[in-house]
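Here are the chains, one letter per residue:
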Amino acid sequence: MNIDHLSPYILTFVTFVPLAGALLLVLLPRRDRDIRIFSLVISLLTFALSLHLPVHFHRPQQGFQFEIDNVWITSLNIHYHMGIDGISMWLVVLTTFLTPLCVLISWKSVHDRVKEFFILLLVLETALIGVFTSLDLFLFYFFWEATLIPMALLIGVFGHERKVYAAVKFFMYTMIASVFMLAAILWLYAQTHSFDFVIIRDQIAHGAIPNFPAAAQWLFLGFFLAFAVKVPLFPFHTWLPDAHVEAPTAGSVLLAGVLLKMGTYGMLRFNLGLFPEQSRQNAWWIMILALIGIIYGALVAMVQPNMKKLIAYSSVSHLGFVVLGIFSFTQSGLNGAMFVMLAHGVSTGALFMLAGILHERRHTYEISEFGGLAAPMPVYAASYLFIVLASVGLPLLNGFVGEFLVLSGAFQAKAIYGILGATGVIWSAVYLLWMFQRVFYGKVTHPVNNSLRDLLGFEKAAVWPCAVAALFMGVAPILWLSAIDPAVQAALTSIPQVVSKVVGQ
Amino acid sequence: MTTIPALILQTIPQGVDYVRILPEIVLSVFGIAIMLLDPVVDEEKSQKTLGLIAFVGTVAALISTWGMAQSPGLAFSNTIRIDSFSIFFTFLVIAIAAVVILSSFEYMAVQRIRAGEYYALILFGVVGMALMSSAIELVLIFIGLEISSISTYILAGFRRNEAASSEASLKYFLLGSFATAFFLYGVALMFGATGSTNIDIIAQRLQSGPVEMLVFAAMALMFVGLGFKVAAAPFHVWTPDVYEGAPAPVVGFMSTAPKAAAFAVLLRVVFAINAPGRFWFLWVAAALSMTLGNVGALVQNNVKRLLAYSSIAHAGYLLVAFAMTTPQDSATGISAAMFYTAAYAAMNVGAFAVVSHFANAGERYVSLEDYEGLGRSSPLLAATLTIFLLSLIGIPMTGGFFAKFYVFSAALRANLIWLTLIGVANSAVGAYYYLRIIVVMYMREARTEVPVTRVPMGLGVALAISVIATIYLGILPNRVLQIAQHSAQDLLPQQAAGASNTAQNPPAAALPGQ
């Protein structure tokens, strides 16, 4: 532990190294190969730096670690306050893990405006990490909005046919929803004269804000709306399929892998953290929406003729599990929700990469265009199957652990929630395995598919780390859960009366 | 007992009085010099030379604001007060003029406009605006307002071969004269009600005695005049037409500098006078401006018109900061409004600099379609415009975000929940039309042949200044905020101390005996 003196600055480094890389990239000449290599180096460096966090994280300890708290804007009492607990730490690592893979998967597929593409990707990484590390509400909102521009540009500039429509829709949905969060943040600031998450949480918990009871429900909804659109929770999900289908592969990977988790992370951190009472009161309809999302997402995914759209709707379904777990207010539910977030990030990220690889070769996502691909592309098929099984929730792979914990939490909250949620697991097996069967098994239906190339080296380098991570997370989930659990307990026990009420139901 | 000659001697201004209007003097001298040189210098070269002289004049004026700042106080028989408030706005309007002059070099050459009067008029206009920022005497404010307005009327018609430009100029002139007349009526009525045109004395009289009906009428009339100048609804109708017809750099100038000066006057009238019965007036004007501006901008296809509606919307956001009543809220409101003015100036001047470069000869390329593919054909220019547009939307890391954030946080602190909600909903709507420009620049391929010309030096420097200012205000707003908050105290203390004993700072300088 002799590098402890690094600890206060490590979060700053992890957050801003990609941005620094992006700024350097602006100065680099337009030699595409150099730009790709440089971006890969920067993103790998960020990943390496971020590994400092789990290695030196003190697991049993509740509360925030690696904290840094400096005054930023004196007169408004805005602080540069960062810190992580077991919840945000893994989301940071997930982001830094996926970004180098995004660079790899875009190695060949992006050949126009390469420089701009990688600049946007690195800026996006900084904004995403910032969202998870900020403990000052102003800083949080700062990064939250900052994710919007690079993502919208990635979709709109580098996407497919209807990219402009998808980019504008994505931007407007999230922008409109998040201004209401801004209003809620400003209200809290007007009452407490602070943006600090910890201070505001304590003041609310001690009833130190006079007007709070009257406004609490509106504040809860202000935050919740912003997060629900991001997740996306049914019925705010309509931007997601469009955005995914039109986005370039790397955009889809980060969108599904990390951006959606901003919403669930926000619910966990802010809705539960700041408004425990309102969370409890509103849990019933949120859980119903989550269940509708799980089942509706799965059913719609099943009938999609487009592979990318299918994966997109499967995200709606999986994120429903996360919301269900969070609002079950049980330890296993919250642990499971966190684990599903990570597992979904890894396996759905990989699924999007695999879909992108196929699109590279055939320029289509239509499932009916394929069939019998296992023969010409055996390695690809094997990798695909592995990821599909992880996503379906096969025991010993990552999907199983999270879904199991969420469902057990949902059962504890109310049996009917557990039963309905469990059907989602079945549906996900149906739509993913059926899609796999149609694409890979049987005879090759289109002759052009006979000559498709199998996975290339850099594609393997992008997909296989996900497979390895999926296996590790399935076999030894305790590595992850040992850090998550104390944070989850802290989220639940800081308000004991609420927990007892929920568990007592 | 003083004798009459001594009284006359007293009225002759002291040396230090001139230091307190040093920037105005410097600007006038340079303006006159340009007028004199215009017929002398060679027609071909005059564009550059006169522009450079004008730029040097603004830089000299900026330096002389420093000298002015060294001797704060009253000047010229209590008609001018130099405090951090007036220094802030004087500096701001001169800085705007400097950037606009830099970005006009190329435009003048491309449009084949004879440059002499153009630069001189900008400098004279700035003199008026600087006077508006530092005057505390309503008649002097009116004179400043006239100087600034008349120069902008002429500037608006500078593309004199274009019918649209002449129309803009005439429209602006006719409506503008009406508006200044309203303002003058208000001043007259205020004099009738209180027996003075000095803002400090008016404030004292209003505090001490009962408020007459006449005062409300006076305030309303003055607000009409100023509302026209800042393009606030319902006095905004002229804006799109005038902005569309006027030369693009002039629009960049007149959408920021005269507006900043008019907001300075409005701040004085509203807060230093502590105008009675203003709350709903301002509330409605703010809500209307935000909504009408944003809704109007949604359907525009001409970039200049679009930015005109956007400027109406931004006047609305700014007016939100005016709807404060208690002294403490007012202090936050004033500093929020000041910060917003500065941030808005930085991003809007920059946006119009890009628009005017891109418009090309005869301002042919100002519709949205012409911007298609700009991201590919001139990436740097497009990226710069994107930064300004993101700032106008209010995306973090830009001055526009922080300005909006500060205004809304001030409004919520004053418990203006509905106005804030209208505001945030509006900024979400506003995002759409700014985004449209970004979309056509980056996400569509060029369909029409639009010539791409190299960015000349002057414009490059102007854009660099605007970008740096926009981002600086977004990431490190600390310093400007402190100045703004300090200025708010300067503007308020007289009545804050009188109205409530809770004011933390006793008035820094009590009024000298009147």
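In this convention, every chain numbers its residues from 1, walking through the sequence in written order. Labels are handed out in written order, letters beginning with A for the chains and numbers beginning with 1 for the ligands. Where totals are concerned, whole chains, interfaces and linings use all residues; where local detail is concerned, this predicted model gives features only for residues with pLDDT of at least 70, and gives and counts side-chain atom pairs only at 80 or more.

Enquirer: Requested: an account of the overall build of chain A, with residues and values cited.
Expert: Per the convention used, a helix needs a DSSP run of H or I reaching at least four residues, while a strand needs a run of E reaching at least two, with both numbered from the N terminus. A tally of helices and strands in chain A yields 20 helices and two strands. In this description the radius of gyration comes from C-alpha coordinates, and the expected globular size is given by 2.2 Å times residues to the power 0.38. In terms of overall dimensions, chain A is globule-like: its C-alpha atoms have a radius of gyration of 22 Å, near the 23 Å expected for 505 residues. Reported as C-alpha extents along the three principal axes, the dimensions of chain A are approximately 70 × 55 × 45 Å. Three exposure classes are used. Buried residues have 20 or more other C-beta atoms within 10 Å of their own C-beta, exposed residues have 12 or fewer, and partly exposed residues fall in between, all C-beta atoms being placed from the backbone. Within the span of chain A, comprising 505 residues, buried residues form 59% of the whole. A residue pair is marked as a contact if its C-beta atoms, positioned from the backbone, fall within 7 Å. Taking the intrachain contacts of chain A between residues at least 6 apart in sequence as the baseline, contacts between residues at least 24 apart amount to 80%.

Enquirer: Before we move on, could you go through the overall build of chain B and cite the residues and values that matter?
Expert: The helix and strand tally for chain B stands at 23 helices and two strands. Its C-alpha atoms give chain B a radius of gyration of 22 Å, within 12% of the compact-globule value 24 Å for 514 residues. Taken over the C-alpha atoms alone, chain B extends approximately 80 × 60 × 40 Å along its principal axes. Sequence separation of at least 24 residues holds for 80% of the intrachain contacts in chain B that already meet a minimum separation of 6.

Enquirer: A description of the interface of chain A and chain B should follow, citing residues and the corresponding values.
Expert: At the interface, 26 residues of chain A touch 25 residues of chain B. Breaking the side of chain A that touches chain B down by element, the ones donating at least two residues are α5 (137-146), α6 (148-158) and α7 (163-192) of chain A. No other element matches α7 of chain A, which puts 16 residues into the side of chain A that touches chain B. In this count, Pro and Cys sit with the nonpolar residues alongside Ala, Val, Leu, Ile, Met, Phe, Trp and Tyr, while Asp, Glu, Lys and Arg are called charged and the others, Gly among them, polar. Here the side of chain A that touches chain B is built from residues that sort into 21 nonpolar, three polar and two charged.

Enquirer: An account of helix α20 (residues 417-443) of chain B is requested, with residue identities and associated values reported.
Expert: All names here are of chain B. Here α20 is 27 residues long and its end C-alpha atoms lie 38 Å apart, about the 39 Å a rise of 1.5 Å per residue gives. Along α20, the helix axis deviates most sharply at Leu435, where the bend reaches about 25°. Counted residue by residue, α20 has 22 buried out of 27 residues, so it is predominantly covered. Multiply 1.5 Å by the residue count of a helix minus one, and that product is the helix's expected span. Take the seven residues that end at a residue and the seven that start at it, fit an axis to each, and the angle between those axes is the bend at that residue.

Enquirer: So what about unusual backbone geometry? Which residues, and what values?
Expert: All names here are of chain A. With an omega dihedral of -10°, the bond running from Val231 to Pro232 counts as a cis peptide bond. Tracing the sequence through the fold places Pro232 in the loop between α9 (212-230) and α10 (239-246). Here the amide bond leading from Phe234 into Pro235 is cis, since omega sits at 0°, within 30 degrees of zero. With a phi angle near 55°, Phe329 is a residue other than glycine that sits in the positive phi range.

Enquirer: Outline the packing of helix α4 (residues 114-133) of chain A against helix α11 (residues 249-274) of chain A, supporting the account with residue identities and numerical values.
Expert: Residue and element names in this part refer to chain A. Where helices are involved, their axes are fitted lines through C-alpha atoms of the stretch in contact, as for all axes, and angles between N-to-C directions lie from 0 to 180°. Put simply, α4 and α11 touch, their axes get as near as 10 Å, and they point 20° apart. One finds that α4 runs roughly parallel with respect to α11. Of the two possible hands of crossing, α4 and α11 adopt the one that is left-handed. On α11, the residues touching Leu121, Leu124, Leu128, Val131 and Phe132 of α4 are Ala250, Leu254, Val258, Met262 and Tyr265. Across the contact of α4 with α11, the residue classes break down as ten nonpolar, no polar and no charged. For classification, angles of less than 35 degrees are called roughly parallel, those exceeding 145 degrees roughly antiparallel, those between 65 and 115 degrees roughly perpendicular, and all remaining angles oblique. Crossings are assigned a handedness: left-handed for a near helix turned anticlockwise from the far helix by less than a right angle, right-handed for a clockwise turn.

Enquirer: Explain the pairing of strand β2 (residues 78-84) of chain A to me, and be specific about the residues and the numbers.
Expert: Residues and elements named next belong to chain A. Most of β2 sits inside the fold, with six of its seven residues counted as buried. As defined by bridge partners, strand β1 (residues 65-73) adjoins β2 across six bridges and the pair is classed as antiparallel. Each residue of the ladder has a partner; that of Val71, found in β2, is His79. Any two strands with at least two DSSP bridges between them are considered paired. Here β1 folds back onto β2 in antiparallel fashion, the turn holding four residues, of which Asn77 has a positive phi close to 60°.

Enquirer: Can you tell me about the confidence of the model for chain B, naming the residues and giving the values?
Expert: Residue and element names in this part refer to chain B. A residue's pLDDT is the confidence the predictor assigns to it, expressed on a 0 to 100 scale. Put simply, chain B has an average pLDDT of 85, and 93% of its residues get 70 or more. pLDDT under 50 marks residues 495-514. Its contacts with residues more than four places away, or in other chains, come to 22 contacts. For this predicted complex, the interface score ipTM comes out at 0.83, alongside a pTM of 0.87.

Enquirer: Please give an account of the confidence of the model for chain A that cites residues and values.
Expert: Scored by pLDDT, chain A has a mean of 86; 96% of the residues are at 70 or more. Of all the helices and strands in chain A, helix α20 (residues 496-504) of chain A carries the lowest mean pLDDT, 44, while α4 of chain A carries the highest, 91.

Enquirer: Mind laying out α5 of chain A, listing which residues take part and the relevant values?
Expert: Residues and elements named next belong to chain A. With ten of ten residues buried, α5 lies mostly within the body of the structure. If you check which residues of α5 are buried, you get Leu137, Phe138, Leu139, Phe140, Tyr141, Phe142, Phe143, Trp144, Glu145 and Ala146. For α5, the elements touching its buried residues are β2, α4, α6, α7, α8 (197-205) and α11.

Enquirer: I'd like a rundown of the packing of α11 of chain A against helix α14 (residues 331-362) of chain A, residues and numbers included.
Expert: Residues and elements named next belong to chain A. Running from amino to carboxyl end, α11 crosses α14 at an angle of 165°, the nearest separation of the two axes being 8 Å. In terms of orientation, α11 lies roughly antiparallel with respect to α14. Where α11 crosses over α14, the two elements pack in a sense that is right-handed. Each of Thr249, Ser252, Val253, Ala256, Gly257, Val258, Lys261 and Thr264 in α11 lies in contact with α14, whose residues at this interface are Ala337, Met341, Gly345, Thr348, Gly349, Phe352, Met353 and Gly356. Tallied by class, the residues present in the contact of α11 with α14 amount to seven nonpolar, eight polar and one charged.

Enquirer: Summarise the environment of Lys115 of chain A; cite the residues concerned and give the values.
Expert: Residues and elements named next belong to chain A. By the secondary structure assignment, Lys115 is in helix α4. Judged by C-beta crowding, with 19 C-beta atoms within 10 Å, Lys115 ranks as partly exposed. Residues Lys115 and Thr174 lie 59 residues apart in sequence; the distance between their C-alpha atoms is 26 Å. Dropping the residues within four chain positions of it, Lys115 is found in contact with Leu25, Arg30 and Ile35.

Enquirer: Before we move on, could you go through the environment of Leu40 of chain A and cite the residues and values that matter?
Expert: Residue and element names in this part refer to chain A. Inspection of the secondary structure puts Leu40 in helix α2 (residues 32-56). Taking the C-beta count within 10 Å as the criterion, Leu40 has 19 such neighbours and is therefore assigned partly exposed. Taking C-alpha positions, Leu40 is 28 Å from Asp85, a pair spaced 45 residues apart along the chain. When residues no more than four places from it in sequence are discounted, the contact partners of Leu40 are Pro100, Val103 and Leu104.

Enquirer: Can you explain the environment of Ile312 of chain B? Please cite residues and give values.
Expert: All names here are of chain B. As for its position among the elements, Ile312 is in helix α15 (residues 303-320). Taking the C-alpha atoms as reference points, Ile312 and Tyr344, 32 residues apart in sequence, are found 12 Å from one another. Among residues more than four places away in sequence, those in contact with Ile312 are Ala231, Ala233, His236, Thr239, Ser289, Leu292 and Gly293.

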